[in-house]
Every structure is written in C-alpha cells, then in structure tokens.
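Examining the three-dimensional arrangement
Given next are the chains, with one letter for each unit.
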Amino acid sequence: KTGQTVVGVAVTGAQMPAQPLVTGDSVRIVDTPRKQDDPPTGTPNTVPAEVVNTTPLADAGQTLVDVTVPTTAAAGLAARIATGRVAIVLDSGER
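What you see is a predicted model, and the numbers here were worked out from it, not measured in a lab. (Residues numbered from 1 in each chain as written. Predicted model: local features only at pLDDT ≥ 70, side-chain atom pairs only at ≥ 80, totals over all residues. Heavy atoms only, no water.)

Points about the nonpolar core
Judged by nonpolar contacts, the single largest core of 19 residues is most densely connected at V27, V67 and I88. The set of elements that each furnish at least two residues to this core consists of β1 (4-11), β2 (26-31), β3 (46-57), β4 (62-70), α1 (71-82) and β5 (86-90). Apart from the residues within four sequence positions on either side, I88 is in contact with V9, V11, Q15, M16, P17, L21, V27, R28, I29 and V65. (Core = buried A, V, L, I, M, F, W, Y, C linked by side-chain atoms within 4.5 Å. Buried < 20%, exposed > 50% of the residue type's maximum accessible area, 1.4 Å probe, protein only. Helix = DSSP H or I, 4+ residues; strand = E, 2+ residues; numbered from the N terminus. Contact = heavy atoms within 4.5 Å.)

As structure tokens, then:
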C-alpha cells in the first residue's frame, strides 16, 4: 500500500495477546518502560498497525509479527522495537 511500510516486531508471549494474531488484525504497537521503571503516568506512545504475518521463533522464545505502519512512523518504531520495549495490543477480537 502507498504510504505504508512493513516492520517486523519480535515479541515474547508477555508482550502480545494470547489470542492468535491473524492477517488483517488491527493492532497498536505500544511503547513500554524498562523493567525496573515505574509504569508511565501518562498515555504511552502508540503506532497503529495491521498484521501481515506471524512467525514463531521457537529458539528465541518469541514471535515475529510483521505489521504495516504509516511510512512516517516506521523508522522511529523500528528503533524502539530494537530496544525490546514494546508490546502489541489487539484493538478488536472480532473477526
């Protein structure tokens, strides 16, 4: 899609819903604090996304979730993903 970029998000089971994510799901990628930090006092930064694909990374104990995001948000999101300090939330369980 024009104006959209695919970004890979590697997350553990604690960083994503237990409900399996499927192609087309509307999700948000949410910034999370470091483990030793207090929860944020305000609303954390989020980026809306759509699931393209999921791939289990069994050796790493993670799942790679490919999502499309607005191109303008892709670089900043990729940098935050690299820190491991993100979570995926499913906006609707309706399919």
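Here the narrative resumes, following the displayed structure.
As for α1
Helical geometry note: an α-helix holds 3.6 residues per turn, so side chains three or four residues apart project in the same direction. For α1, spanning 12 residues, the distance from its first C-alpha to its last is 17 Å, which sits close to the expected 16 Å at 1.5 Å a residue. The set of residues buried in α1 consists of A74, L77 and I81. What you see down the axis of α1 is that its buried residues fit within an arc of 85°, all on one side. Of the exposed residues in α1, the ones pointing more than 90 degrees away from its buried face are T72 and A75. (Expected span 1.5 Å × (residues − 1). Arc of directions from axis to C-beta.)

Details of the pattern of salt bridges
With the rule as written, the count across this model stands at two salt bridges. R28 is the partner of D91 in a salt bridge, and the nearest nitrogen-oxygen pair spans 2.7 Å. Within this pair, whereas D91 is found in the segment after β5, its partner R28 is found in strand β2, the two being separated by 63 residues in sequence. With a relative accessible area of 39%, D91 lands in the partly exposed category. Looking at R28, the relative accessible area reads 34%, which means it is partly exposed. Between D31 and R80 there is a salt bridge; the shortest N-O distance is 2.7 Å. (Salt bridge = Lys/Arg side-chain N within 4 Å of Asp/Glu carboxyl O.)

Topic: the side chain of Q15
Structurally, Q15 is set in the loop between β1 and β2. The exposure class of Q15 is buried, given its relative accessible area of 16%. Engagement of the side chain of Q15 in a polar contact is seen with the backbone nitrogen of T12, the distance being 2.8 Å. (Polar contact = N/O pair within 3.5 Å; in protein donor to acceptor, adjacent residues only side chain to side chain.)

Points about the environment of A49
Along the chain, A49 turns up in strand β3. Residues A49 and V9, 40 residues apart in the sequence, show an inter-C-alpha distance of 11 Å. When residues no more than four places from it in sequence are discounted, the contact partners of A49 are D25, S26, V27, I29, V67, T68 and V69.

The quantities given are spatial measurements derived from coordinates; they are silent on function.
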